[in-house]
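Notes for the structure review
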Amino acid sequence: MRKAAVTGHPVKHSRSPLIHGYWLKTYGIEGKYGLVDVPPHEALTFFKSLPEHQLVGCNVTIPNKEIALEAADIVDDAAREIGAVNTLWIDETGKLQGSNTDAVGFLGNLDQAAPGWDTRKAKAVVLGAGGAARAILWALKQRNYQEIVLINRTLEKAEALQHHFGKPIRTSVWETRSEELENCDLLVNTTALGMTGQRPLDLDLDRLPSTAVVTDIVYTPLMTDLLAAAKARGNQVVDGLGMLLHQAVPGFEKWFGIHPVVTPELRSLILKDMDQ
Ligand code: SKM
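Scoring rules and cut-offs
- Residues numbered from 1 in each chain as written.
- Predicted model: local features only at pLDDT ≥ 70, side-chain atom pairs only at ≥ 80, totals over all residues.
- Heavy atoms only, no water.
- UniProt positions renumbered as here; feature names shortened; annotations may be inferred.
- Pairing = 2+ DSSP bridges.
- Helix = DSSP H or I, 4+ residues; strand = E, 2+ residues; numbered from the N terminus.
- Contact = heavy atoms within 4.5 Å.
- Axes fitted to C-alpha atoms, helices over the stretch in contact; angles between N-to-C directions.
- Near = heavy atom within 4 Å.
- Polar contact = N/O pair within 3.5 Å; in protein donor to acceptor, adjacent residues only side chain to side chain.
- Areas by Shrake-Rupley, 256 points an atom, 1.4 Å probe, with all protein chains shown as cover.
- Buried < 20%, exposed > 50% of the residue type's maximum accessible area, 1.4 Å probe, protein only.
- Lys, Arg positive; Asp, Glu negative; His and termini not counted.
- Salt bridge = Lys/Arg side-chain N within 4 Å of Asp/Glu carboxyl O.
- Phe/Tyr/Trp six-rings, centres within 6.5 Å; stacked < 30°, edge-to-face > 60°.
- Domains from an automatic or database assignment.
- Buried area = accessible area lost by both parts, 1.4 Å probe.
- Nonpolar A, V, L, I, M, F, W, Y, C, P; charged D, E, K, R; others polar.

As annotated in an unreviewed UniProt entry, the chain carries the name Shikimate dehydrogenase (NADP(+)) and comes from Pseudovibrio exalbescens. UniProt's Sequence similarities (unreviewed entry) comment on the chain is quoted here verbatim: "Belongs to the shikimate dehydrogenase family." Among the UniProt annotations of the chain, the heading Subunit (unreviewed entry) holds the following wording: "Homodimer."

The subject of this paragraph is the sheet that holds strand β6 (residues 96-99). Strands sit in the order β2-β1-β3-β5-β6-β4 across an open sheet of six strands; the sheet is mixed. Each of the sheet's edge strands pairs with one partner strand only, and the pair in question is β2 (32-37) and β4 (74-75). Two elements, β4 and β6, share two bridges in a ladder whose sense is parallel. Among the inter-strand pairings, I74 is bridged to a residue of β6, identified as Q97. The sheet contacts of helix α1 (residues 16-26) involve β1 (3-8), β2 and β3 (57-60), and relative to β2 the element is tilted by about 170 degrees.

Listed under "domain: Quinate/shikimate 5-dehydrogenase/glutamyl-tRNA reductase" (unreviewed entry) in the UniProt record, and renumbered for this structure, are residues 119-192. End-to-end, the C-alpha atoms of residues 119-192 are 28 Å apart, and along that stretch the chain is 31% helix and 27% strand.

Another aspect to go through is the site of the ligand. All residues in the neighbourhood of the ligand are listed as V6, S14, S16, N59, V60, T61, K65, N86, D102, L244 and Q247. A distance of 2.5 Å is found between an oxygen atom of the ligand and a side-chain nitrogen or oxygen belonging to S14. Taking T61, its side chain carries an N or O atom lying 2.8 Å from an oxygen atom of the ligand. For the ligand, whose accessible area on its own is 310 Å², the fraction buried by protein is 90%.

Quick look at the side chain of D91 now. Position of D91 among the secondary structure elements: in the loop between β5 (87-90) and β6. Among buried charged residues, D91 stands out as having no salt bridge; its nearest opposite-charge side chain is K95, 7.1 Å away. Here D91 is in contact with I74 and Q97, once residues within four sequence places are set aside.

What follows deals with the UniProt feature "domain: Shikimate dehydrogenase substrate binding N-terminal" (unreviewed entry) in the chain. Taking the UniProt record as the reference, the feature "domain: Shikimate dehydrogenase substrate binding N-terminal" (unreviewed entry) is found at residues 6-88. Each end of residues 6-88 is marked by a C-alpha atom, and these two atoms are 10 Å apart; helix forms 40% of the span and strand 20%.

Moving on: the sheet that holds strand β11 (residues 213-216). With respect to topology, six strands assemble into an open sheet ordered β9-β8-β7-β10-β11-β12, the strand pairing being parallel. The sheet is open, and its two borders are formed by β9 (169-173) and β12 (236-238), each paired with just one other strand. The sheet shows a mean angle of 20 degrees between the axes of neighbouring strands, direction not considered. As defined by bridge partners, strand β7 (residues 123-127) adjoins strand β10 (residues 186-189) across four bridges and the pair is classed as parallel. Pairing of V125 across the sheet is with L187, part of β10.

Attention shifts here to the packing of aromatic side chains. Evaluation of the coordinates by the stated rule reveals seven aromatic pairs. Ring centres of W23 and F252 lie 5.4 Å apart, and the angle between their planes is 65 degrees; on these two criteria the pair is classed as edge-to-face. Within this pair, whereas W23 is found in helix α1, its partner F252 is found in helix α9 (residues 241-256), the two being separated by 229 residues in sequence. With a relative accessible area of 0%, F252 lands in the buried category. For the pair Y27 and F252, a centre-to-centre distance of 6.4 Å together with 45 degrees between the ring planes defines the contact as tilted. On the criterion of sequence distance, the pair formed by Y27 in the loop between α1 and β2 and F252 in helix α9 is long-range, its members being 225 residues apart. Members of the aromatic cluster, connected to one another through ring pairs, are W23, Y27, Y33, F252, W255 and F256.

A few words on the domain arrangement of the chain. For the chain, the domain assignment lists domain 1 (3-100 + 242-275) and domain 2 (104-239). Summarising the inter-unit geometry, the C-alpha centres of domain 1 and domain 2 are found 25 Å apart. Each side of the interface is counted separately: domain 1 has 16 residues, and domain 2 has 17 residues. Summing the contributions of domain 1 and of domain 2, the shared interface buries around 1,400 Å²; its carbon and sulfur component is 62%. Of all residues in domain 1, I82, M243 and H246 bury the most surface against domain 2, accounting for 41% of the area lost on that side. Between domain 1 and domain 2 we count one salt bridge in total. The shortest N-O distance in the salt bridge between R267 and D239 comes to 2.7 Å. Linking domain 1 with domain 2 are six residue pairs in polar contact (both at pLDDT 80 or more), by the criterion used here. For the side of domain 1 that touches domain 2, the per-class residue count stands at eight nonpolar, five polar and three charged.

Listed below in structure tokens is the structure:
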């Protein structure tokens, strides 16, 4: 019986067991997907000894993604350039491989929820320069956005990412966030502002073109203030839950051998769990 798990610290809030459990059942696979709390000081040893924990691989969530990058014997371009690993698996030769599927999850979500979202790609505005922003910047570069404006409250953090990822990223100070929405085709919030328990994201959408797509990587609540305000003025909006569902796809395929589909039924299952 093949077993995988989500690892993090804390981790009990994770919906990954529900997602993978749904696919195991849907495809009739006799596998298991659990949840293991791994504190950062134990993470390197844990990742390097997955077989001893009867695991063929695992998802890695906060705060261990950089440690997982260090633990892996082989990492793909996405993980190396993003600087974080969220999916680990043991390959046929016994080596530990690592990937970052958050970027793929971000793109998969938009492709499914807003087909054609990247037809116009003159300008994307990304709010926030934390860990999550790295995967988003990498993803948008993959789709050849002409200009990506990175805005963060601490400009130095944005500048460090701009330096790391290079063109076509340009930084701008937090005070310009509403002005920068002029001619914007895609607006992405990667900050925690607007999340349950956090302050709201204070953003004036007046200059945002009505054709712009707006997405938030936060999914609690599903309809953040940003998405509600954008929707009310006619913009197409995409919530963050789909990113979580789509980032899970490559891991499941590596561990259990089937490329699973993100279905409306799976989404409903997670939404039902979130209501409880
Ligand atoms: O990158 C993902 C991770 O693979 C799983 C996860 C979760 O279970 O909450 C969240 C993200 O960090």
